[in-house]
Amino acid sequence: MIIDCHGHYTTAPAAHTAWREHQLAGDARKYPTITDDEIRESVQGQLRVMDERGIDLTIFSPRASAMAHHLGDESTSAAWARACNDLVHRVVTLHPGRFAGVGQMPQSPGVPIERSIGELRRCVEELGFVGCNVNPDPSGGYWTAPPLTDCGWYPFYEAMIELDVPAMVHVSASANPVFHATGAHYLNADTTAFMQLLQGDLFADLPELRLVIPHGGGAVPYHWGRYRGLADMLARPEPAEHVLANVSFDTCVYHQPGIDLLFEVIGADAVLFGSETLGAVRGVDSRTGHHFDDTRRYVDAAGLSEVDRAKVYEHNARRVYPRLKTVPSRL
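For clarity, every value in this text was computed on a predicted model and none was experimentally measured. (Residues numbered from 1 in each chain as written. Predicted model: local features only at pLDDT ≥ 70, side-chain atom pairs only at ≥ 80, totals over all residues. Heavy atoms only, no water.)

Chemist: If you had to explain the sheet that holds strand β4 (residues 131-134) to someone new, which residues and values would you point to?
Modeler: Taking strand neighbours across the sheet as the criterion, the eight strands line up as β1-β2-β3-β4-β5-β6-β7-β8 in an open arrangement whose pairing is parallel. The open sheet terminates on both sides in strands that have one partner only, identified here as β1 (3-9) and β8 (271-272). Helix α3 (residues 44-53) contacts β1, β2 (57-62) and β3 (99-104) of the sheet and is inclined by roughly 150 degrees relative to β2. (Pairing = 2+ DSSP bridges. Helix = DSSP H or I, 4+ residues; strand = E, 2+ residues; numbered from the N terminus. Contact = heavy atoms within 4.5 Å. Axes fitted to C-alpha atoms, helices over the stretch in contact; angles between N-to-C directions.)

Here it is, written out as structure tokens:
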């Protein structure tokens, strides 16, 4: 079985997006009626690509760039998160065994993450979601939030542990014109999150906490020696023991040398298969004739043993997202 840990609802119906535009314009109106057929139609491209690439199940969350926690206020964000999560739940319900839901949290700059616990519980206990996404920078590129290791995060983390769900650490749109959203802000955030975890003692305090850093861990695998050296200078433990016991990376790296480096440096035990399809990079690589985001091709060509390949494609995801056992199997 192949489980894609990183999928977003990038093709949500137009009425959903239009409602958001009205909401941000201060034009409060009732959420639109969206039919089941509209939802089915909206994910046909996703299902087609999954079938073409042999992906059985996608762990599916609202569109990351549209979370836009920096827009509106706390109530705006709460209403938007609820609408997005409800829509993902409908996708999961209409396509059992193909999608597993992950929730968007109603974060806002300056608002304690503890106030997102209610939506986390609703997503897991009522909607049957298997995880959540958390934004380490709700300001959208200005980094006004405390680090992930700050004690202000602990009540939320403790709720995650109680519910037995992980979080993918995923920023949203960039409000800072200096940072291109997917080319800079996302990768900056992945790298920054890892460094915050290296500097802190989060997992000593909360050893059951599980996090996923997407996009192959940003710059971390490429600069692993730097992080090992910094850990030594800062009198921190080896990063492999200090961080990777609780943190996984995904395979959203869109060329073969990058995937090869990821496995050589990080190892198969801490990597989950992910493609971000349909997501940030949708074009065809002129050098290979294949889509950049067809990450299964890279994993298959990485020279992994059958045991390690099975870990990356399925077993690691089941370990990190144990609530996947509640998802019906189509095999």
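Okay, back to it.
Chemist: Describe in detail the environment of E276, supporting the description with residues and values.
Modeler: Structurally, E276 can be placed in the loop between β8 and α12 (295-300). A C-alpha to C-alpha distance of 19 Å links E276 and G289, two positions 13 residues apart in sequence. Discounting chain neighbours no more than four positions away, the residues touching E276 are D4, H6, H8, H170, Y186, H215, C252 and Y254. Within polar-contact distance, the side chain of E276 engages the side chain of H215 at 3.4 Å. (Polar contact = N/O pair within 3.5 Å; in protein donor to acceptor, adjacent residues only side chain to side chain.)

Chemist: Please give an account of the nonpolar core that cites residues and values.
Modeler: Counting 68 residues, the largest nonpolar core has L120, F156, Y157, M160, F194 and L211 as the members making the most contacts within it. In terms of residue count, helix α6 (residues 154-163) provides more of this core than any other element does, six residues in total. Leave out the neighbours within four places in its chain, and Y157 touches L148, L202, L206 and L209. Counting residues in hydrophobic clusters, the runner-up holds 15 residues, among them L57, V130, L272 and V327. (Core = buried A, V, L, I, M, F, W, Y, C linked by side-chain atoms within 4.5 Å. Buried < 20%, exposed > 50% of the residue type's maximum accessible area, 1.4 Å probe, protein only.)

Chemist: Just give me the short version of empty space enclosed by the protein, but keep the residues and values in it.
Modeler: Per the stated rule, a full pass over the model turns up one cavity of 30 Å³ or more. Around the largest cavity, the lining residues are C5, H6, G7, H8, I59, S61, V102, N133, M168 and Y321. If you list the elements that add at least two residues to the lining of the largest cavity, you get β1 and β2. Here the lining of the largest cavity takes four residues from β1, the largest share from any one element. Split into classes, the residues belonging to the lining of the largest cavity amount to five nonpolar, five polar and no charged. (1 Å grid on protein atoms, 1.4 Å probe; cavity = no way out; pocket = protein on both sides within 12 Å on 5 of 7 lines; lining within 4 Å. Points joined across faces, edges and corners; volume = space filled by probe spheres on them. Nonpolar A, V, L, I, M, F, W, Y, C, P; charged D, E, K, R; others polar.)

Chemist: So what about the packing of aromatic side chains? Which residues, and what values?
Modeler: Two numbers describe a pair of aromatic rings. These are the distance of the centres and the angle of the planes. One pass over the structure, following the stated rule, counts 10 aromatic pairs. Between F60 and F99, the aromatic rings sit 4.6 Å apart at their centres with planes inclined by 45 degrees, giving tilted as the arrangement. Note that F60 is positioned in strand β2 and F99 in strand β3, a separation of 39 residues in sequence. Since its relative accessible area comes to 1%, F60 is described here as buried. Taking the relative accessible area as the measure of exposure, F99 reaches 1% and is therefore buried. Here F194 and W224 contribute two aromatic rings whose centre-to-centre distance is 5.8 Å and whose plane-to-plane angle is 50 degrees, an arrangement assigned as tilted. Of this pair, F194 sits in helix α7 (residues 181-199) while W224 sits in helix α9 (residues 224-233); the two residues are 30 residues apart in sequence, bridging distant segments of the chain. (Phe/Tyr/Trp six-rings, centres within 6.5 Å; stacked < 30°, edge-to-face > 60°.)

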